[in-house]
Amino acid sequence: VGWRRPSTAGRRGEPRALACAAQSPRTRRPGATGGMRPFIRALAALPVIHQYHAWSHPEPARSASARDSGGGGGGSWFKSGGKDRASGGDRGGSGTTTIGYVTDIEGNKEFFDEYVRISRVLERRAGAIHLRDGCEFVFGGDVCDKGDGDLYVIRELVSLKERYPDRVHLILGNRDVNKIRWAHELDAPGAKKYRGAPTGKCVSWWADAQAPDASRADRMRWMLHHTMGSAETFELRRQELTRERGPAGAKRAPAGPTDEEVVDSFLQSVDACGAMREFIKLGQIGAVLGDCLFVHGAVSEGCMGKVPPACGTVPARDKSGGHFTDAPGGLVGWIAALNAFAAAEVTSWLAFPKGDPACARPWAEEGGYGGRGGEGLVQYGMGAIPAEPERAAETGKRVSKTLYNPTVIYATWFDHGQPAFPPKRVVDYIREAGVTTVLTGHQPIGDTPVVMLAGAPGGRAGDARANDLVIVAADTSYSNNVRWLDVPGGPPARGPASLDPDKLPAVHTKPDGKPSQVRPGGGNRGVCVLEVVAEMDNRVRFSRDTTVAPRASGPVQPTRVSVHGVLSDGRCGGTRGR
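This section reports on the structure supplied with the text. (Residues numbered from 1 in each chain as written. Predicted model: local features only at pLDDT ≥ 70, side-chain atom pairs only at ≥ 80, totals over all residues. Heavy atoms only, no water.)

Overview of unusual backbone geometry
- In this structure, Asp142 is a non-glycine residue whose phi angle is positive, near 65°.
- Looking at the element boundaries, Asp142 is found in the loop between β6 (135–139) and α3 (150–163).
- The exposure class of Asp142 is buried, given its relative accessible area of 2%.
- Look at His442: it is not a glycine, yet its phi comes out positive at around 75°.
- Tracing the sequence through the fold places His442 in the loop between β16 (437–440) and β17 (450–454).
- Judged by its relative accessible area of 14%, His442 falls in the buried class. (Helix = DSSP H or I, 4+ residues; strand = E, 2+ residues; numbered from the N terminus. Buried < 20%, exposed > 50% of the residue type's maximum accessible area, 1.4 Å probe, protein only.)

Here is the structure:
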């Protein structure tokens, strides 16, 4: 799947979903031709229906160096002049760098393995995942919580980063940084106790549920369910631990992990040399690679340029929201400052893994910035700051108990599920840094990325201009919720009646043979898997790196972004991108 500029675009200043959903000749329905054939698809998290077009499967876009060397199918087209960093080769080379991007894996082992299989930058050899020559890989954040492969996925990504430190980039998501809390609230002896009664200064979830104090397992289940949006994670971890113990023997199956062993697994993952701890240590809040920006959430008008206070610069657990500073150096300086903030918070967490020793209660009961033990990084990963009681008392409304948190981790490009056009000030801030494409995750949007084209006012809608900004939101973690409408040869039916599940065409089959719109047993994801690929001229990729001198001649080639993979109904394809 990929995108291209549609011939009939919306009014200037509106977000535009670009054409996607390519159809492979191998899966083309009987009677279909290689020309345009309309069909309608409703994205899972959006209460609207988007119109797309299907076309025959084209050849993937190839870099100039690949064409010159005769690169073709089977992944060879993305070779460039750079050598494998892990083997001591140089960076840059004489052609292009191919950057592969995937986000929000959320512990889904099946999805991750399939992603590696289709990836144009990763490959599995001799049981290990390797990064191809001339390529880089970016993971967009949220590595765990929703699958039975949390530890497996984390270990694979950490191994990649350790073996290719300059070419693998791990972006931190909200589901990553909140794991710092595990040792704060669970590690015994000396685990801090919950106060027991919510107050006006507590974090938002305390108003809804009372934390149990009976056992570590009960507290962990409560934390996962009520404060991390992960009600099934405890049992999913038990399944993963059972699988790691090996297959059942001829006479009896291995004993399943006890509740305490499951809790120990969570705590060990954030202990010394633990997988989750290493992932957070190696992660960063953002990355600017050439003319592409990677963050987990979005760049909003409220958070751009803002850096949260580091521990020790404000009183512990400050909830005023008034101590953010403006980063110098534009977008690039801001991302560097955010990464420095994250690194300082991680250092503090390693020094005080159980939270700020000066505070008697766990951070989760109060919230705020400034505390030791990585508490500020956890707060930066949240959508709101708990307000002080006097602020909450101003209106007496529950909503006043939280303040806006200017964070790039939790911000979103969407408003009530609909793509929202970013303000011109945000577009200008990003484009002034030479960035043309922003790639993000965080907000589930269906089985293909939502692509928005932002630009300055004026000009004819649909024109390609140098000051356009492409925004790619690529979290497809709820792709199995997509509904397909069959409209061969005519316009689609409109209105709620057209979404009647009994009238929708079958794209999967249940075990009993009955048709199904979703993949039975496929969880949130189903069969959908995709990769966003950016092919970037090395003179662009390393324009800010004075240690690299790419060997190239001729005009600088624009960065080409495309998507390939499998849709939620099982069809696959790929297109040339922008």
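Description of the pairing of strand β18 (residues 469–473)
- Counted residue by residue, β18 has five buried out of five residues, so it is predominantly covered.
- Burial of β18 is two-sided: the residues Leu469, Ile471 and Ala473 facing one way and the residues Val470 and Val472 facing the other way are all buried.
- Both β16 and β18 contribute to a ladder of four bridges, which runs parallel. Looking at β18, one finds that Thr440 is bridged to Ala473.
- Across five bridges, β17 lies against β18 in antiparallel orientation. By the bridge assignment, Val451 is partnered in β18 with Val472. (Pairing = 2+ DSSP bridges.)

Quick word on the sheet that holds strand β8 (residues 286–289)
- Spatial strand order, β8-β9-β16-β18-β17: five strands in an open sheet with mixed pairing. Unpaired on one side and paired on the other, β8 and β17 mark the two borders of the sheet. With strand direction ignored, the average angle separating the axes of adjacent strands in the sheet is 15°.
- Packed on one face of the sheet, helix α10 (residues 330–351) meets β8 and β9 (292–295) and runs near 140° to β8. (Axes fitted to C-alpha atoms, helices over the stretch in contact; angles between N-to-C directions. Contact = heavy atoms within 4.5 Å.)

So, the environment of Ala327
- By the element assignment, Ala327 lies in the loop between β11 (325–326) and α10.
- Taking the C-alpha atoms as reference points, Ala327 and Pro308, 19 residues apart in sequence, are found 10.0 Å from one another.
- When sequence neighbours within four positions are dropped, the list of residues in contact with Ala327 reads Gly305, Val307, Gly333, Trp334 and Ala337.

Some points on the nonpolar core
- Within the largest apolar cluster, 99 residues are counted, with the highest numbers of intra-cluster contacts made by Phe137, Phe279, Trp334 and Val408.
- Here this core takes eight residues from α10, the largest share from any one element.
- Residues within four places of Val408 in sequence aside, it is in contact with Ile285, Val295, His296, Gly297, Ala298, Val299, Cys303, Trp334, Leu338 and Tyr380.
- Counting residues in hydrophobic clusters, the runner-up holds 21 residues, among them Ile171, Ala474, Leu530 and Ala534. (Core = buried A, V, L, I, M, F, W, Y, C linked by side-chain atoms within 4.5 Å.)

Thoughts on the packing of aromatic side chains
- Summed over the entire model, instances satisfying the criterion amount to nine aromatic pairs.
- Between the aromatic rings of Tyr101 and Phe294, the centroid separation amounts to 5.4 Å while the plane-to-plane angle is 45°, which identifies the pairing as tilted. Here the residue Tyr101 occupies a position in strand β3 (residues 96–102), and Phe294 occupies one in strand β9, the gap between them amounting to 193 residues.
- Residue classification places Tyr101 among the buried residues on the basis of a relative accessible area of 1%.
- Taking 6.1 Å as the distance between ring centres and 65° as the angle between the ring planes, the aromatic pair formed by Trp334 and Tyr429 counts as edge-to-face. You can see Trp334 sitting in helix α10 and its partner Tyr429 sitting in helix α13 (residues 424–431), a full 95 residues away along the chain. With respect to burial, Trp334 and Tyr429 carry one shared label: buried.
- Through pairs of rings, three or more aromatic residues link up here, namely Trp182, Phe234 and Phe266.
- Sitting over the ring of Tyr152, Lys109 keeps its end group 4.6 Å from the ring centre.
- Across from the ring centre of Phe234, 4.2 Å away, lies the NZ or CZ of Arg221, which sits over that ring. (Phe/Tyr/Trp six-rings, centres within 6.5 Å; stacked < 30°, edge-to-face > 60°. Lys NZ or Arg CZ within 6 Å of the ring centre and 35° of its normal.)

Some details on the pattern of salt bridges
- In total, this model carries 31 salt bridges according to the counting rule given.
- Ionic pairing is found between Asp145 and Arg175, a salt bridge with its closest N-O pair at 2.9 Å. Of this pair, Asp145 sits in the loop between β6 and α3 while Arg175 is found in helix α4 (residues 174–177), placing the two residues 30 residues apart along the sequence.
- Looking at Asp145, the relative accessible area reads 2%, which means it is buried.
- A relative accessible area of 13% means that Arg175 is categorised as buried.
- Residue Arg221 is joined to Asp218 by a salt bridge in which the shortest nitrogen-to-oxygen separation is 4.0 Å. Linking Arg221 with Asp218, this pair stays in helix α6 (residues 216–227), spanning three residues, or about one helical turn.
- Taking the relative accessible area as the measure of exposure, Asp218 reaches 32% and is therefore partly exposed.
- Where salt bridges share partners, they join Asp218, Arg221, Glu235, Arg238 and Asp259 into one cluster. (Salt bridge = Lys/Arg side-chain N within 4 Å of Asp/Glu carboxyl O.)

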